[in-house]
Amino acid sequence: MVSGNSASSSSLSMKSDEDIVNNNNNLRVLVVDDSPMIRKLHDMYLKKFGLKVQVAENGKQAVDLFHFGASFDLILMDKEMPIMDGEEATKELRTMGVTSMIVGVTSLDSPNEKQAFMEAGLDYFFTKPLTTDNISFILQELNKKNNKN
Amino acid sequence: MDRNRLQHQVACMRRSLFDQGYLDEPFIQLEELQDDANPNFVQEIVTLFYTNSARLIQNIEHALNSRPIDFNKLDDHMHQFKGSSSSIGAKKVTNECTVFRDYCSAENAEGCSRSFQQVKQEYAILRRKLEVYLQMVRQAAVSQTA
């Protein structure tokens, strides 16, 4: 269980930008957040890294996508959302057998709430706002995970 | 206004927004995301921030005027406002949101009301400054392509 903003990459150079985009062309990401602003922001960040992005407005939409056969390599999950929050959605997805990397992205302050969210089945947790360094770290871990499987 | 002078003005205004603590790092990340394929990205995100903020401010006002005050609901709304403010690097607004949430945790209605006025004030100031700044950025972009 890892949380925080650990990342080892520095600013991306033009050459490494291209390499990273090429490596990530087949990775699919689901951004789950009730804020249109955050969805647009994360969508842009991720597309800069060459990722294919889909968005969902709440946890239930995310769970429904998986029920209908969608699959994603990475899910960026907000915590506080209407209808179904991120913690419940994460638990539901793990119960369904979803093994995608799930990263919590939220502005939670309380350590207890962060702990509960992690224990719902997150792989990592980052506080908002997500940064390019956070995404670099996540993608490095995702590529490691995919290489192991 | 000639092109160089306009660009200089834009740069000075941008620097002052950071030096005076209105904006911080996440705003730079927004600017770095903008490119030729998405030339209005910063403006689009900021516009979404305004829309989101207007809704949340209304929700908070409503919650503050309700009796009894539901401090959990109040905190939820402010939590969302703080989240979106910090996502665009609205530093002073984010700080005032934190102060508000402290009063909320203590269920201090008067403290919440006072600090909410500060939140709204900082938001209004930032919005005015950003509107002027982004208009100058647009003018500078137009003058560059002319």
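Residues numbered from 1 in each chain as written. Chains lettered and ligands numbered in written order. Predicted model: local features only at pLDDT ≥ 70, side-chain atom pairs only at ≥ 80, totals over all residues. Heavy atoms only, no water.

Caption draft 1: Seen up close, the overall build of chain A. Per the secondary structure count, chain A includes 6 helices and 6 strands. Counting helices and strands in the order they occur from the N terminus, chain A gives β-α-β-α-β-α-β-α-β-α-β-α. When the 149 residues of chain A are sorted by exposure, 48% land in the buried category. Within chain A, contacts between residues at least 6 apart in sequence are counted, and of these 68% link residues at least 24 apart. Per element, the accessible surface of chain A, about 7,000 Å² overall, is 47% carbon and sulfur. (Helix = DSSP H or I, 4+ residues; strand = E, 2+ residues; numbered from the N terminus. Buried < 20%, exposed > 50% of the residue type's maximum accessible area, 1.4 Å probe, protein only. Contact = heavy atoms within 4.5 Å. Areas by Shrake-Rupley, 256 points an atom, 1.4 Å probe, with all protein chains shown as cover.)

Caption draft 2: Local environment of the nonpolar core. Ranked by internal contacts, the top residues of the largest apolar core, which has 68 residues, are A:Leu76, B:Leu74 and B:Phe81. Residues contacting B:Phe81, with those up to four places away along its chain left out, are B:Phe49, B:Ser53, B:Leu56, B:Ile57, B:Ile60, B:Val93, B:Cys97, B:Val119 and B:Tyr123. By size, the runner-up hydrophobic cluster in this structure holds 19 residues, among which are A:Ala62, A:Ile75, A:Met81 and A:Ala89. (Core = buried A, V, L, I, M, F, W, Y, C linked by side-chain atoms within 4.5 Å.)

Caption draft 3: Focus on the UniProt feature "domain: HPt" (unreviewed entry) in chain B. When the UniProt feature table is mapped to this numbering, "domain: HPt" (unreviewed entry) covers residues 38-140 of chain B. For residues 38-140 of chain B, helix accounts for 86% and strand for 0%, while the C-alpha atoms at its two ends are 17 Å apart. (UniProt positions renumbered as here; feature names shortened; annotations may be inferred.)

Caption draft 4: View of the environment of A:Asp78. All names here are of chain A. For Asp78, the position within the fold is in the loop between β4 (74-77) and α4 (86-95). Taking the C-alpha atoms as reference points, Asp78 and His67, separated by 11 residues in sequence, lie 19 Å from one another. When neighbours within four sequence positions are excluded, Asp78 is seen to be in contact with Val32, Asp33, Asp34, Gly86, Val105, Thr106, Phe117 and Lys128.

Caption draft 5: Molecular detail of unusual backbone geometry. In this structure, B:Pro68 follows B:Arg67 across a cis peptide bond, with omega equal to 0°. For B:Pro68, the location among the structural elements is in the loop between α3 (41-65) and α4 (71-87). A positive phi angle, close to 70°, is found at A:Ile83, a residue other than glycine. Positionally, A:Ile83 belongs in the loop between β4 and α4.

Caption draft 6: Spotlight on the interface of chain B and chain A. In this assembly, 23 residues from chain B lie in contact with 19 residues from chain A. For the chain B and chain A pair, buried surface summed over both sides reaches about 1,700 Å², with 64% attributable to carbon and sulfur atoms. If you sort the residues of chain B by the area they bury against chain A, B:Gln29, B:Leu33 and B:His79 come out on top, with a joint share of 33%. Here chain B and chain A share 2 salt bridges between them. The residue B:Glu44 makes a salt bridge to A:Lys40 at a minimum N-O spacing of 2.9 Å. Counting every contact that joins chain B to chain A gives 5 residue pairs in polar contact (both at pLDDT 80 or more). Of all elements in the fold, only α2 (25-33), α3 and α4 of chain B reach the threshold of two or more residues within the side of chain B that touches chain A. Tallying contributions element by element places α4(B) first for the side of chain B that touches chain A, with 8 residues. (Buried area = accessible area lost by both parts, 1.4 Å probe. Salt bridge = Lys/Arg side-chain N within 4 Å of Asp/Glu carboxyl O. Polar contact = N/O pair within 3.5 Å; in protein donor to acceptor, adjacent residues only side chain to side chain.)

Caption draft 7: View of the packing of aromatic side chains. Residue and element names in this part refer to chain B. Inspection of the entire model under this criterion finds 9 aromatic pairs over all chains. Both rings, one in Phe100 and one in Phe116, keep their centres 6.1 Å apart while their planes meet at 65°; by these two values the pair is edge-to-face. Of this pair, Phe100 sits in helix α5 (residues 91-105) while Phe116 sits in helix α6 (residues 109-145), and the two are 16 residues apart along the sequence. By the ring-pair criterion, three or more aromatic residues cluster together here, those being Phe49, Tyr50, Phe81 and Tyr123. (Phe/Tyr/Trp six-rings, centres within 6.5 Å; stacked < 30°, edge-to-face > 60°.)

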